[in-house]
Amino acid sequence: MSTNTAKTITFITRSTPYGHGQAKACLDMVLSAAVFEQKINFIFMDDGVWQLKKGQAPSHIDAKDLSAAFTALPLYEVNDLYVNANDLQERGLNCEELVVPVHSVQANTIAELIRESDVVFTL
Amino acid sequence: MRSLQLPNKASIPLDKDGYLRDMSNWSPEVAEQLAAAIPITLTPAHWEVLEVLRAFYQTHGISPATRPFVKLVARDLGSDKGRSIYLMKLFPGNPALTASKLAGLPRPSNCF
Amino acid sequence: MSTLHTINKTSTHSALSSCLKVARNGDSILLIEDGVYASSQLCQSPLEGVALYALHEDLLARGLDASTLSGTIKTVDYNGFVDLVCQHQRCVSWS
């Protein structure tokens, strides 16, 4: 595989899951980038952490369940999911309430991930 | 609008790429008719892959692109079947696209 | 390996505060579009080693006076924007 030419692409998602297209758009970008076998960091900040909450049932609002797709990310070899620990805590959430295992990190770690990235997308 | 005519005269609406517009219209008979148009004759080897795909879509809500599709088949049906060459023989062309179509899934959006 | 952070929302959005969490020494922050409304807040919370800029045209368009930005925020025009992009390894747009 072309690992020597692979770039590190970081996606930062900061939006709630429903009511607009941003969260879905970010997920689609992650899935597309994964097809090209790039190194991917997927970071959830601010209201983006709500995307990961267990127990979503968006069929009640005629929307597709975004959180269901997160559990398929390992098949796309997207294994590095991060949440900003403070943003999680501010919203009364903890890692056990999330649909997938994530790295819960401080802002300093996110700053480092950005520094190690070739490209950063925020949505 | 494109559609698929079933032997019992029912008409199933398709999108411009020949995928089902409404997944709930899917049945094994629909899959066989879609396959016949390619043409592919569905065998048990095809059906087990289509079942894996349908289960994946039910759980995750996405049609897998090529590489995840191959990995998925390897995970659920074993590594002898989770290989591009095996899947290409069953589903000529792009196996992820062809198999998604026959399974009644939307076109994989990240598949090139 | 520095980063250019652009902000295009007022400070009632989380764009500025989120950016401030991860901007580090050697990075730059550029306020564009509605982000220029956040210039006074940004003046009050300067970051160690982070250069601050605002896009001149967006300040003018909104009737904001560049001369009141104190010395902490420099103004740049569109050419200056391009220069900033070229001077950094990557851009992160906070919106």
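Before reading further, recall that the structure is shown in the block above.
Thresholds, definitions, all that
Residues numbered from 1 in each chain as written. Chains lettered and ligands numbered in written order. Predicted model: local features only at pLDDT ≥ 70, side-chain atom pairs only at ≥ 80, totals over all residues. Heavy atoms only, no water. Contact = heavy atoms within 4.5 Å. Buried area = accessible area lost by both parts, 1.4 Å probe. Polar contact = N/O pair within 3.5 Å; in protein donor to acceptor, adjacent residues only side chain to side chain. Helix = DSSP H or I, 4+ residues; strand = E, 2+ residues; numbered from the N terminus. Nonpolar A, V, L, I, M, F, W, Y, C, P; charged D, E, K, R; others polar. 1 Å grid on protein atoms, 1.4 Å probe; cavity = no way out; pocket = protein on both sides within 12 Å on 5 of 7 lines; lining within 4 Å. Points joined across faces, edges and corners; volume = space filled by probe spheres on them. Phe/Tyr/Trp six-rings, centres within 6.5 Å; stacked < 30°, edge-to-face > 60°. Buried < 20%, exposed > 50% of the residue type's maximum accessible area, 1.4 Å probe, protein only. Lys NZ or Arg CZ within 6 Å of the ring centre and 35° of its normal.

Novice: Kindly report on the interface of chain A and chain C, identifying the contributing residues and their values.
Specialist: The extent of an interface is frequently quoted as the accessible surface area lost upon association of the parts. Every contact between the two is made by 16 residues of chain A and, on the other side, 18 residues of chain C. Summing both sides of the interface, chain A and chain C together bury roughly 1400 Å²; the carbon and sulfur share of this comes to 46%. The interface formed by chain A and chain C includes 12 residue pairs in polar contact (both at pLDDT 80 or more). Ranked by residue count, the leading element in the side of chain A that touches chain C is helix H4 (residues 107–115) of chain A, at 6 residues. Looking at the side of chain A that touches chain C residue by residue, the class counts come to 7 nonpolar, 4 polar and 5 charged.

Novice: Help me get a handle on the layout of surface pockets, residues and values and all.
Specialist: Rolling a probe over the atoms, with the probe sized like a water molecule, indicates the empty space that remains. Empty space within the largest pocket amounts to approximately 320 Å³. Within the residue set of the lining of the largest pocket, elements represented by two or more residues are helix H1 (22–35) and helix H2 (66–70) of chain A together with helix H2 (44–60) of chain B. Of the residues forming the lining of the largest pocket, the biggest block, 4 residues, is contributed by H1(A). In the lining of the largest pocket, the residues fall into 12 nonpolar, 7 polar and 5 charged.

Novice: Break down the packing of aromatic side chains for me, citing the residues and quoting the values.
Specialist: Scanning the model with the defined rule gives 4 aromatic pairs over all chains in all. On the numbers, 5.4 Å between centres and 20° between planes, the contact of A:Phe11 with A:Phe121 is stacked. In this pair, A:Phe11 is assigned in strand S1 (residues 8–13) and A:Phe121 in strand S5 (residues 119–122), connecting sequence segments 110 residues apart. Using a relative accessible area of 1% as the deciding quantity, one classes A:Phe11 as buried. Their ring planes at 35° and their centres at 4.6 Å tell us that A:Phe42 and A:Phe44 sit as a pair that is tilted. For the pair shown, A:Phe42 and A:Phe44 are each scored as buried. Just above the ring of B:Trp26 sits the side chain of B:Arg54; from NZ or CZ to the centre is 3.8 Å.

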